[in-house]
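Descriptive analysis of the structure
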Amino acid sequence: MPKLDLEYVRRQFPALSEDEVLLDNAGGSQLAEPVFDRMREFLFSSNVQLGATYGASVEASRKVAEGRTALATLLNADRPEEVVMGATATQLFDQLAQSLAQKWEPGDEVVVSNFDHEANIGPWRRLEQRGIIVRTWELPAGAHRPRPDDLAPLLGSKTRLVAMTHCSNIFGSINDVRAIADLVHDHGAMICVDGVAYAPHRAIDVKALGADFYGFSVYKTYGPHHAALYGKYDLLRHKAGNINHYFYGEEKVPNKLEPGNANYELAYSCVGVIDYLEGLAKAHGINASGRAAVEAAFDMIADHEAALSERLLGYLRGRDDVTIVGDSASDREARVPTISFVIEGQSSRKTVEAVDSSGIGIRFGDFHSKRLVQALDLGDPDGVIRASAVHYNTLEEMDRLIEQLERLRS
C-alpha cells in the first residue's frame, strides 16, 4: 500500500493552513473540496422541491437519491433504502428509538452502556417513560473495551436491543462489534452501533459487523453537517414504526423515519465524500471506484494515522506525570488517533487554554461521554485533554503540540 501523499491530501481541504493546527477533529472534520463542488452544483442548478414532474424537480430527486446511494456505499449497505438521513447522529438515534418503541411493550428491555457517547444512551434511557426496562452494561475497572462476557448476564428473553459504540471518543479504542453482535443475535435481540468516532478513520462495513443499525456523522467524515443511520431493510420496514406524517405507511422506507425530509443540498454533497476518496485512491496509483476506492483510501489513511498516534503516544508514554486514558499503543487495528490524557497536578482546562495561544486547537472535557468520564474519576473536574487527529494532520503538527506540552512542564 503506498504511503499517503500529505501534500495532495491537504490540497483537497481548502480550510487548512500552515498557521493553525486543527487537532479537534473528533468534534468535526474539515470539508473535502469535492463536497463544496457538489453542494454548489445542487444549489445553483436544482434547488427545488422533490417529487414533481417538471425537469428541475426530477433532477433534484435524482441528486438526493445519489447522495443516499453515496452514504450506502460508505456503509456498505445492500441498498440505498437502508439509509436514513438527518441532521445529526444524536437526532437519528432518537428517531430510531421512538420508531422502534412503537412496536415494543412495557416490560421489554434494552441494554445501554456507561462508556458511550450520550447520543446512543439517552434516547434509549428515555424509553423508561414508556415502561421499557433499561439495563446498564458497565466496563470493568481499568478496561478500555467492552467484552461479550460482561454483556451476557444482562441479556434475556425480554431484551429487544443493545446499544454500543464502535469506537470510543475518549479511549480511541476500536471495539469488537462483530463478537458482541453475534452474542446479541443469539439472544434474539438487535444491536444499534454508534460509529461516529470510527467513521472518519476506517471503512465501515455494516454487513461484516453484523450491525442491525449503525449511525455516523458525515460532518466528522469530511462531509457536510449531515448524518446517516443504516438499518437492515426488513427491520426498518417491519420492526420500526412511522414517525412521519400519518399517511406514510409501514412500507415507506426509509422516509417514514425522516420527518420533514432530509436537507437536499447536504444529501447530494455527500457524493463529494466518495469523490474525494476515489480521487485519493487514484492519486496513489489505485484504479478503483465506489466501494473498492473507499476501502483502498481508508487502508492508506489507517497507516498514516497509526504514525500520528505513535508520535504523540510515544511522547506521553515517556512522561511519569501523564496518564493516557485508553490504549497507550498505536496499533491501527486497536485504536484511532483520538488521544485523551490527564497530567498530574495540571488542570486540563488550563493546559488546553495555554496551548491555544500557540495556534494549536485541542480540547478538554467529557465530550458528551459524561457517564464514562465520571466513572473514570480522574481527579480533574474539567475532564480529559483530548487531541484528535485525522489523516490530513502531519507529524510536524504533532511535534508542534508536543513542543507546547513540553514547554508547560517547567
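This one's a predicted model, so the numbers in the text were calculated from it and none came from an experiment.

Analysis parameters
Residues numbered from 1 in each chain as written. Predicted model: local features only at pLDDT ≥ 70, side-chain atom pairs only at ≥ 80, totals over all residues. Heavy atoms only, no water. Helix = DSSP H or I, 4+ residues; strand = E, 2+ residues; numbered from the N terminus. Buried < 20%, exposed > 50% of the residue type's maximum accessible area, 1.4 Å probe, protein only. Contact = heavy atoms within 4.5 Å. Areas by Shrake-Rupley, 256 points an atom, 1.4 Å probe, with all protein chains shown as cover. Lys, Arg positive; Asp, Glu negative; His and termini not counted. Charge placed at Lys NZ, Arg CZ, Asp CG, Glu CD. UniProt positions renumbered as here; feature names shortened; annotations may be inferred. Expected span 1.5 Å × (residues − 1). Core = buried A, V, L, I, M, F, W, Y, C linked by side-chain atoms within 4.5 Å. Domains from an automatic or database assignment. Pairing = 2+ DSSP bridges. Axes fitted to C-alpha atoms, helices over the stretch in contact; angles between N-to-C directions.

Moving on, we get to the overall build of the protein chain. Assigned secondary structure in the protein chain consists of 15 helices and 13 strands. Across its three principal directions, the C-alpha atoms of the protein chain cover 65 × 50 × 35 Å. Out of the 410 residues in the protein chain, the part that is buried amounts to 56%. Put simply, of all contacts in the protein chain between residues at least 6 apart along the chain, 68% involve residues at least 24 apart. Total accessible area computed for the protein chain in this model is approximately 16,500 Å², and 47% of it derives from carbon and sulfur atoms. Seen as two clouds, the 43 positive and the 59 negative side-chain charges of the protein chain have centres 3 Å apart.

The UniProt record marks residues 21–401 with the feature "domain: Aminotransferase class V" (unreviewed entry), using the residue numbering of this structure. Taken end to end, residues 21–401 has its terminal C-alpha atoms 9 Å apart, with 38% of it in helix and 15% in strand.

In a regular helix each residue adds 1.5 Å, so 21 residues correspond to 30 Å; helix α3 (residues 55–75) covers 31 Å between its end C-alpha atoms and thus fits that length. For α3, the complete set of buried residues consists of Ser57, Ala60, Lys63, Val64, Gly67, Arg68, Ala70, Leu71, Ala72, Leu74 and Leu75. Positive phi shows up at Asn76, right after α3, with a value of about 60 degrees.

One finds Leu71, Trp137, Leu151, Tyr214, Phe216 and Leu280 to be the most contacted residues of the largest nonpolar core, which totals 82 residues. When we break this core down by domain, the ones giving at least three residues each are domain 1 (6–32 + 290–408) and domain 2 (36–272). Setting aside residues up to four positions removed in sequence, Leu71 forms contacts with Val83, Met85, Phe216, Val218, His226, Ala228 and Cys270. Counting residues in each nonpolar core, the second largest holds 31 residues, with Trp104, Ile132, Cys192 and Ala227 among its members.

On to the side chain of His284. For His284, the location among the structural elements is in the loop between α11 (271–283) and α12 (290–317). In contact with His284, not counting residues within four places along its chain, are Pro2, Lys3, Leu4, Asp5, Tyr8 and Met300.

Taken in spatial order, the four strands make up an open sheet running β9-β10-β13-β12, and their pairing is antiparallel. Edge positions in the sheet fall to β9 (322–324) and β12 (363–365), since each of these pairs with one other strand and no more. Direction aside, the axes of adjacent strands within the sheet are offset by 35 degrees on average. Two strands pair when backbone bridges link them, and β12 and strand β13 (residues 384–388) are joined in this way by three bridges, in the antiparallel orientation. The residue bridging Phe364 from the neighbouring strand is Ile385, located in β13. Seen against the sheet, α12 touches β9, β10 (338–343) and β13 and runs at an angle of roughly 15 degrees to β10.

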